[in-house]
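Notes for the structure review
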Amino acid sequence: MTLASGTAANGFIIFADTDSNYQGAIQYDHNVSKMHFTTATSQRMTIDSSGNVGIGTTNPSEILHLNTTGASTTLQIHSG
């Protein structure tokens, strides 16, 4: 499958309950070469052109950039 759009446009895969009520999306923004992931109608994760991943931010400045507005943040890493 190929989704083609202009070099200054956006390509979308949209997940919706109805035609006008989208809940999730995958978007490629050709203007800035970023991939955005949306759930529950809010943008949640971005991958930029250098491979940086942002969760809670659309402008990741590190290989993994986590941002939250909550009072406390927990990062869990499990092995095995």
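Residues numbered from 1 in each chain as written. Predicted model: local features only at pLDDT ≥ 70, side-chain atom pairs only at ≥ 80, totals over all residues. Heavy atoms only, no water.

1. Observations regarding the sheet that holds strand β2 (residues 21–29)
- Strands sit in the order β1-β2-β3-β4-β5-β6 across an open sheet of six strands; the sheet is mixed. Each end of this open sheet is capped by a strand with a single partner; those strands are β1 (10–18) and β6 (64–66). The sheet shows a mean angle of 15° between the axes of neighbouring strands, taken without regard to direction.
- Here five bridges tie β2 to strand β3 (residues 34–39), and the two strands are oriented antiparallel to one another. In the strand pairing of β3, Asp-29 is matched with Lys-34. (Pairing = 2+ DSSP bridges. Helix = DSSP H or I, 4+ residues; strand = E, 2+ residues; numbered from the N terminus. Axes fitted to C-alpha atoms, helices over the stretch in contact; angles between N-to-C directions.)

2. Here's the deal with a nonpolar patch on the surface
- Nonpolar side chains collect at one region of the surface, where Ile-55, Ile-63, Leu-64, Leu-66, Leu-75 and Ile-77 lie side by side and expose about 660 Å² of accessible area between them.
- Within the fold, Ile-77 resides in the segment after β6.
- With a relative accessible area of 75%, Ile-77 lands in the exposed category. (Patch = residues over 30% accessible without salt bridge, like charges linked within 9 Å, V, L, I, M, F, W, Y side chains within 5 Å. Areas by Shrake-Rupley, 256 points an atom, 1.4 Å probe, with all protein chains shown as cover. Salt bridge = Lys/Arg side-chain N within 4 Å of Asp/Glu carboxyl O. Buried < 20%, exposed > 50% of the residue type's maximum accessible area, 1.4 Å probe, protein only.)

3. Notes on the side chain of Asp-48
- Among the structural elements, Asp-48 can be located in the loop between β4 (42–47) and β5 (53–55).
- A polar contact of 2.9 Å, which involves the side chain of Asp-48, links it to the side chain of Ser-50.
- Apart from the residues within four sequence positions on either side, Asp-48 is in contact with Ser-33, Lys-34 and Pro-60. (Polar contact = N/O pair within 3.5 Å; in protein donor to acceptor, adjacent residues only side chain to side chain. Contact = heavy atoms within 4.5 Å.)

4. Considerations on the confidence of the model for the chain
- The predicted model of the chain averages 88 in pLDDT, with 100% of residues at 70 or higher.
- When the elements of the chain are averaged for pLDDT, β1 gives the smallest value, 87, and β5 the largest, 95. (pLDDT = per-residue confidence, 0-100.)

5. Here's the deal with the side chain of Gln-27
- In this fold, Gln-27 is placed in strand β2.
- At a separation of 3.2 Å, a polar atom in the side chain of Gln-27 contacts the side chain of Asn-10.
- If sequence neighbours within four positions are ignored, Gln-27 has contacts with Asn-10, Gly-11, Phe-12, Lys-34, Met-35, His-36 and Gln-43.

6. Considering the environment of Thr-39
- Residue placement: Thr-39 occurs in strand β3.
- Residues Thr-39 and Phe-15 lie 24 residues apart in sequence; the distance between their C-alpha atoms is 9.2 Å.
- A polar side-chain atom of Thr-39 sits 3.1 Å from a polar atom in the side chain of Arg-44.

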